[in-house]
Amino acid sequence: MLVLTACRFGFEGRPGPFDAPSFAGDSTDSVRDSVVDSVGDGAIDGLPALCPVTYTNYSGHKYRYDTMSTIWTTAQTNCLSDQVMGSSLYTHLAVVGDMAEVGVIQSNFTGNGNVWIGLSDRSVDGTFVWVTTEATAGFPPATGGPWTTNEPSGNTGENCGYEGAFGFNDGLCTPNFHYVCECDTSPDAPANY
Ligand SMILES: [Ca+2]
Ligand SMILES: [Ca+2]
């Protein structure tokens, strides 16, 4: 069943909660296309808050650490495809919203090397943004912590963010790194990347 879900998402291109057109007879898509988010928190009204069973709790955050080494875009696609159909929650590369969350990622996932996170300046060079609509109050700042010393350094050449043992860095999007997916209430924001 999980494989079938992933294939369905893939056929429609970039997966998203309000994907269109719906598959004929696909009740789950019909539900998604007709519901609203009256609270404005990104969670779809009336749907259960379900994260995939492969996501587990780390200090209040729901993550899935994947030791498959891949490029940034594939990591994000893989995280998106985890999403439970009919859930009000979303999966995506981890959005690391404050220094406490930086620490959670470091404590649990960077011991075996760098991990891709959902940060990039692929859309507007020099402006690093997250892959979802989550409001992070300007985090990370343009320079200083959580950026590693003298980062971000990449200008037009390094557009994808990863976290390592010493903090964030911007790098080429093409190395093969492990990655961390997150499940939360904020939907994917494809215009950001
Ligand atoms: Ca987060
Ligand atoms: Ca860099």
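Values in this document were obtained by computation on a predicted structure and should not be read as measured data. (Residues numbered from 1 in each chain as written. Chains lettered and ligands numbered in written order. Predicted model: local features only at pLDDT ≥ 70, side-chain atom pairs only at ≥ 80, totals over all residues.)

**A word on the pairing of strand β2 (residues 61–70)**
Reasoning step 1: Bridge count between strand β1 (residues 56–58) and β2: 3 bridges; the pairing is antiparallel. From the neighbouring strand, Tyr58 faces β2, where its bridge partner is His61.
Reasoning step 2: Adjacent in sequence and paired antiparallel, β1 and β2 are bridged by 2 residues, among which Ser59 carries a positive phi angle near 50 degrees.
Reasoning step 3: Sheet topology places β2 next to strand β8 (residues 177–184); 6 bridges connect them, and they run antiparallel. Among the inter-strand pairings, Tyr65 is bridged to a residue of β8, identified as Val180. (Pairing = 2+ DSSP bridges. Helix = DSSP H or I, 4+ residues; strand = E, 2+ residues; numbered from the N terminus.)

**Details of unusual backbone geometry**
Reasoning step 1: The peptide bond linking Phe139 to Pro140 adopts the cis configuration, its omega dihedral lying at 5 degrees.
Reasoning step 2: With respect to the helices, strands and loops of the structure, Pro140 is situated in the loop between β5 (129–130) and β6 (160–164).
Reasoning step 3: The amide bond that connects Glu151 to the next residue, Pro152, takes the cis arrangement and shows omega of 0 degrees.
Reasoning step 4: For Pro152, the location among the structural elements is in the loop between β5 and β6.
Reasoning step 5: Residue Asn150 is not a glycine yet carries a positive backbone phi of 65 degrees.

By themselves, these observations are geometric and do not establish any function.
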